[in-house]
Amino acid sequence: MAEPEKFKLADILYGLVVPILIGILIIAFPAVIQPALDGVFPPGDMMTPPSDYAFITVILTHGFSQMIVLGVPLILGLLWNKWAGGAAGFLTGTLYYVAWSGYNTQYSIDMALQAYYAMGNDPNYFIQSLPPNLWADPSFIGNWIVGGILIGYIAGALNNKSFSFKRMLGAGLTAAIAVGVMQFTLNMTVAAGAWMAQADPGFTLFTVMLPSVLLGVIAPILAKVMTWYGLLPGNR
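This one's a predicted model, so the numbers in the text were calculated from it and none came from an experiment.

Reading the values: rules and limits
- Residues numbered from 1 in each chain as written.
- Predicted model: local features only at pLDDT ≥ 70, side-chain atom pairs only at ≥ 80, totals over all residues.
- Heavy atoms only, no water.
- Core = buried A, V, L, I, M, F, W, Y, C linked by side-chain atoms within 4.5 Å.
- Buried < 20%, exposed > 50% of the residue type's maximum accessible area, 1.4 Å probe, protein only.
- Helix = DSSP H or I, 4+ residues; strand = E, 2+ residues; numbered from the N terminus.
- Contact = heavy atoms within 4.5 Å.
- 1 Å grid on protein atoms, 1.4 Å probe; cavity = no way out; pocket = protein on both sides within 12 Å on 5 of 7 lines; lining within 4 Å.
- Points joined across faces, edges and corners; volume = space filled by probe spheres on them.
- Nonpolar A, V, L, I, M, F, W, Y, C, P; charged D, E, K, R; others polar.
- Phe/Tyr/Trp six-rings, centres within 6.5 Å; stacked < 30°, edge-to-face > 60°.

Student: Which residues make up the nonpolar core, and what values go with them?
Tutor: Soluble globular proteins tend to pack their nonpolar side chains together in the buried interior. Counting 24 residues, the largest nonpolar core has Leu70, Leu74, Leu78, Trp144, Ile151, Leu215 and Ala223 as its most contacted members. Elements that contribute at least two residues to this core include exactly α2 (54–79), α3 (82–118), α5 (138–159), α6 (165–189) and α8 (201–228). Per-element accounting of this core gives the leading share, seven residues, to α2. Apart from residues no more than four positions distant in its own chain, Leu215 is found in contact with Met67, Leu70, Gly71, Leu74, Ile151 and Pro220.

So, in structure tokens, the structure goes:
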């Protein structure tokens, strides 16, 4: 059995410091950055309209989380194979689906309470404003669980273990845009909140496709850099 490499200071940097910093950054977006952005670009409520630039908050918070959730299977698909990408997408997509459903349920209940107070504490209006079972929302299931599987599988199938940056970029963009189009379609049709997307299709398309296109470019760049340093999954 071959001896492992000797311990180096770089191991602390890449094995401890960098993962902790990334974890802090991920937590900071919803815990610190979103409240700060909400103060600059108010999201609005039942009584006041949102800021014209509230979409910036959406992109930098939900868009960023989407890039993390779908970026992991995309990179694994590019560097390893389609099966690894699809399996990773199932895991990350399922976790995000559970979290996203819970977040939107709480948000919808808060909106129902605002409607209750705005309508003179009418309990019937509150009950009518309550959201449906968002864990059964087909758009949530399709956007994250199915979308996670597809983005990793498509990227891996099209790239087919190639280290050519052009092929990685083409595969990554194709997979990301395909999943983005699917998400837009689901949000406009079968989603419980489809009426909100239908009210402004251009905005819906923009907020869905911008993170997808950015992901389709950034993920292949990260994957290519990982090949330079031998940071490859499996036995590649």
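This is not the end of the story, as more comes after the structure.
Student: Let's hear about the layout of surface pockets: which residues, and what values?
Tutor: Computed from the structure, the second largest pocket encloses a volume of approximately 810 Å³. Lining the second largest pocket are 21 residues, and of these Val18, Ile22, Ile75, Leu222 and Met226 sit closest to its centre. Where the lining of the second largest pocket is concerned, the elements lending two or more residues are α1 (9–40), α2 and α8. A breakdown of the residues in the lining of the second largest pocket according to their chemical character gives 20 nonpolar, one polar and no charged.

Student: Outline the packing of aromatic side chains, listing residues and values.
Tutor: Under the definition given, this model contains five aromatic pairs. The interplanar angle of 15° and the centroid separation of 5.8 Å between the aromatic rings of Tyr96 and Trp100 together place this pair among those described as stacked. One end of the pair, Tyr96, and the other, Trp100, are both in helix α3, four residues apart, so they sit about a helical turn from each other. Taking relative accessible area as the criterion, Tyr96 reaches 12% and is therefore assigned buried. A relative accessible area of 17% means that Trp100 is categorised as buried.

Purely geometric numbers; function is a separate question.
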